[in-house]
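Structural characterization, general
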Number of protein chains: 2
Amino acid sequence: MVAYTPSAMKAELHERGWRMTPQRETILNTFQNVAKGEHLSAEELCELLKEEGAPISLSTIYRNLKLMSRMGILRELELAEGQKRYEINQPSPHHHHHLICVRCNKTIEFKNDSVLKAGAKMADKSGYHLLDCQLLIHAVCPACQRSIMPV
Amino acid sequence: MVAYTPSAMKAELHERGWRMTPQRETILNTFQNVAKGEHLSAEELCELLKEEGAPISLSTIYRNLKLMSRMGILRELELAEGQKRYEINQPSPHHHHHLICVRCNKTIEFKNDSVLKAGAKMADKSGYHLLDCQLLIHAVCPACQRSIMPV
DNA sequence: TATTGATTGAGAAACTTTCGCATTACGGAT
DNA sequence: ATCCGTAATGCGAAAGTTTCTCAATCAATA
């Protein structure tokens, strides 16, 4: 879990016979410049890039979000219903987990290095190469506990 | 995170003005009888029930998987690509986390009560009512580290 | 600078999940 | 035990997200 520069990403792509492209660099830069704690969906990223005058096709965005997640550059989050969201995968001081209300989707980010370490240790013990480690807590927030109706 | 009986589920539904149905009981029983560590998708559950001669429509299955997850009876997992999977939500001695290879989807289940406790503590501290707590580790398994090609 | 093959873009297609609505049936009240 | 109001079901259609196809483009090496 390292913070990637475009050239580091390029080097790692070349190791496998793949290529760096302007689109990949744009996506990497966008995630590194976006506000901390902001998670983008594929669709949102596509819109954002369009607004910024550097549009990338949705197909390419999907392809690269998956690629960069599998390289460990991005982390793939399944927070709200129905769509995956992505954020830059940052090392320990910035690494965080998510506490989500299943009713209103209100999300709290929190840090816990001992949980991160436990995950890293487990991956290592099994011979797996760690990419991402996230504690996902599903719960009901105080406001939704008070409201009676929806599920 | 309690192991539910049909009557306990019924009582909790009634608290909110909802009803117990044969379909809901069938789904609950199915998840309690399925082999430990088996995660079913909506489609798979539908097929399984069809084979067992107690078919339930896919719509109803989707509705109840969501309902039961939000009640804390089931846990919703996003392990492999593209489909959600569900398993019964069991308390501490049986509670487990998942380590997944992002390339071949090979999954290892493991227990770690201190991680579970850290999650429960975090939810409590924020006034959230805990439903499920899962450490999700994305990694590359030993076999896929050796194979060069796919992502 | 030429070549090879990975990558992109656009639209079609595949899949998962949700919705709408008529029908059924749970469970509290009579 | 029966009736009633309404939650829940089943079916098919619809909505969304993600993947696929393929011709055109372009990165990287010689």
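- As recorded by an unreviewed UniProt entry, chain A carries the name Ferric uptake regulation protein and is attributed to Leptothoe spongobia TAU-MAC 1115.
- Recorded in UniProt under Subunit (unreviewed entry), the annotation for chain A is "Homodimer."
- Among the UniProt annotations of chain A, the heading Subcellular location (unreviewed entry) holds the following wording: "Cytoplasm".

1. Side note on helix α4 (residues 58-70) of chain B
Residue and element names in this part refer to chain B.
- In this model α4 runs 18 Å from its N-terminal to its C-terminal C-alpha over 13 residues, within 8% of the 18 Å that 1.5 Å per residue would give.
- Taken together, the buried positions of α4 are I61, N64, L65, M68 and S69. End-on, the buried residues of α4 take up no more than an arc of 130°, which puts them together on one face.
- The secondary structure elements touched by the buried residues of α4 are α2 (22-33), α3 (42-51), β2 (74-77) and β3 (85-88).

2. Considering the relation of the copies chain B and chain A
- Overlay of chain B on chain A (RMSD 0.1 Å): rotation 180°, translation along the axis 0.0 Å. The transformation relating the two chain copies, once decomposed into turn and shift, fits a two-fold axis. Of every C-alpha in chain B, the one belonging to B:L135 sits nearest the axis of rotation, 2.1 Å from it.
- An overlap of 97% is found between the interface residues of chain B and their copies at the interface of chain A, pointing to a shared contact surface.

Each value, and the rule that gives it
Residues numbered from 1 in each chain as written. Chains lettered and ligands numbered in written order. Predicted model: local features only at pLDDT ≥ 70, side-chain atom pairs only at ≥ 80, totals over all residues. UniProt positions renumbered as here; feature names shortened; annotations may be inferred. Helix = DSSP H or I, 4+ residues; strand = E, 2+ residues; numbered from the N terminus. Expected span 1.5 Å × (residues − 1). Buried ≥ 20, exposed ≤ 12 C-beta atoms within 10 Å, placed from the backbone. Arc of directions from axis to C-beta. Contact = placed C-beta atoms within 7 Å. Least-squares fit on C-alpha atoms with pLDDT ≥ 70 in both.

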